[in-house]
Amino acid sequence: DAGVTQSPTHLIKTRGQHVTLRCSPISGHKSVSWYQQVLGQGPQFIFQYYEKEERGRGNFPDRFSARQFPNYSSELNVNALLLGDSALYLCASSLGVGGGNQPQHFGDGTRLSIL
Amino acid sequence: QQPVQSPQAVILREGEDAVINCSSSKALYSVHWYRQKHGEAPVFLMILLKGGEQKGHDKISASFNEKKQQSSLYLTASQLSYSGTYFCGTAGNNNDMRFGAGTRLTVKP
């Protein structure tokens, strides 16, 4: 079975641009979460979506937005990119949502570099 | 708040044991443990739910003390393949997962 797939794997943008990152969850998983991981740190929670609805949001500015589609895939959008947005963006899927009692399965991430 | 992990790094010889600790200042519903190798995605190891349970598979086990809001990961008779960065993730009653800064484990021959 395919795992969590993310695209693109690498992306280079300049300040002020916007970016869209994509994620396809494991088949049968209905929840998708997005994380930002800066080098040397743990993943920072951005969003969780379940059944196309936002179920959780981390401490990120409104420049970050996401959505989930009927097939449970998801997009993360970041507007007005800043140098500090350079990071590895991870997507994780789980069967459902339930207060953290579901193991999360991570994709390989999108490496975003802002020049 | 992010959970706090200790130690930040540990170096072992093959066959030695290690303990990684994770503590939180807020009430926890669950604790997750993941291992991430350089350039790869984090891989799920185990999840512990409130109730003070202990889990394990192979030579990696973990405990969760709900009252102290702490969890510990135990690696016994370490193997080279155990090298990587270990993250604990904690979840309260909402749906956001908070990860610690990680513990870098290096196992040498």
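On a predicted model such as this, the values are computed, not experimentally measured, just so you know.

What to know about the state of the cysteines
Here a disulfide denotes a covalent bond joining the sulfur atom of one cysteine to the sulfur atom of another. In total, this model carries two disulfides over all chains according to the counting rule given. One disulfide bridge connects Cys23 of chain A with Cys91 of chain A, the sulfur atoms lying 1.8 Å from each other. Judged by the torsion about the S-S bond (-60°), the Cys23 of chain A/Cys91 of chain A disulfide is left-handed. Remark: Cys91 of chain A occurs in strand S9 (residues 87-94) and Cys23 of chain A occurs in strand S3 (residues 19-24); sequence separation between them is 68 residues. Grouping residues by exposure puts Cys23 of chain A and Cys91 of chain A together as buried. What pairs with Cys22 of chain B in a disulfide is Cys88 of chain B, and their sulfur atoms sit 2.1 Å apart. Linking Cys22 of chain B and Cys88 of chain B, the disulfide has an S-S dihedral of approximately 75° and is accordingly described as right-handed. Note that Cys22 of chain B is positioned in strand S3 (residues 18-23) and Cys88 of chain B in strand S9 (residues 84-91), a separation of 66 residues in sequence. According to the relative accessible area criterion, Cys88 of chain B is buried, its value standing at 0%.

Some points on the nonpolar core
Of all hydrophobic cores here, the largest spans 21 residues; its most connected members are Trp34, Ile46, Phe47, Phe64, Leu76 and Tyr89 of chain A. Listed by contribution, the elements that provide at least two residues to this core are S3, strand S4 (31-37), strand S5 (44-50), strand S7 (64-68), strand S8 (74-78), S9 and strand S11 (110-114) of chain A. Grouped together as the second largest cluster of nonpolar side chains are 20 residues, Cys22, Phe64, Tyr82 and Cys88 of chain B included.

Rules of the game
- Numbers given for residues are sequential positions, taken from 1 along each chain in its written order.
- Chain labels run from A onward and ligand labels from 1 onward, assigned in the order the entries are written.
- Per-residue local features of the predicted model are confined to residues with pLDDT of at least 70, and side-chain atom pairs are confined, for both listing and counting, to 80 or more; whole-chain, interface and lining totals are unaffected and use all residues.
- Neither water nor hydrogens contribute to the side-chain values; these are computed over all heavy atoms in the structure.
- Any cysteine sulfur atom paired with another within 2.5 Å is treated as part of a disulfide.
- Helix and strand definitions here come from DSSP, where helices need a minimum of 4 consecutive H or I residues and strands a minimum of 2 consecutive E residues; each element is numbered from the N-terminal end.
- Burial classes: relative accessible area under 20% of the type maximum marks a residue as buried, over 50% as exposed, and values in between as partly exposed (1.4 Å probe, protein chains only).
- Put simply, buried Ala, Val, Leu, Ile, Met, Phe, Trp, Tyr and Cys residues joined by side-chain atoms within 4.5 Å make one nonpolar core.

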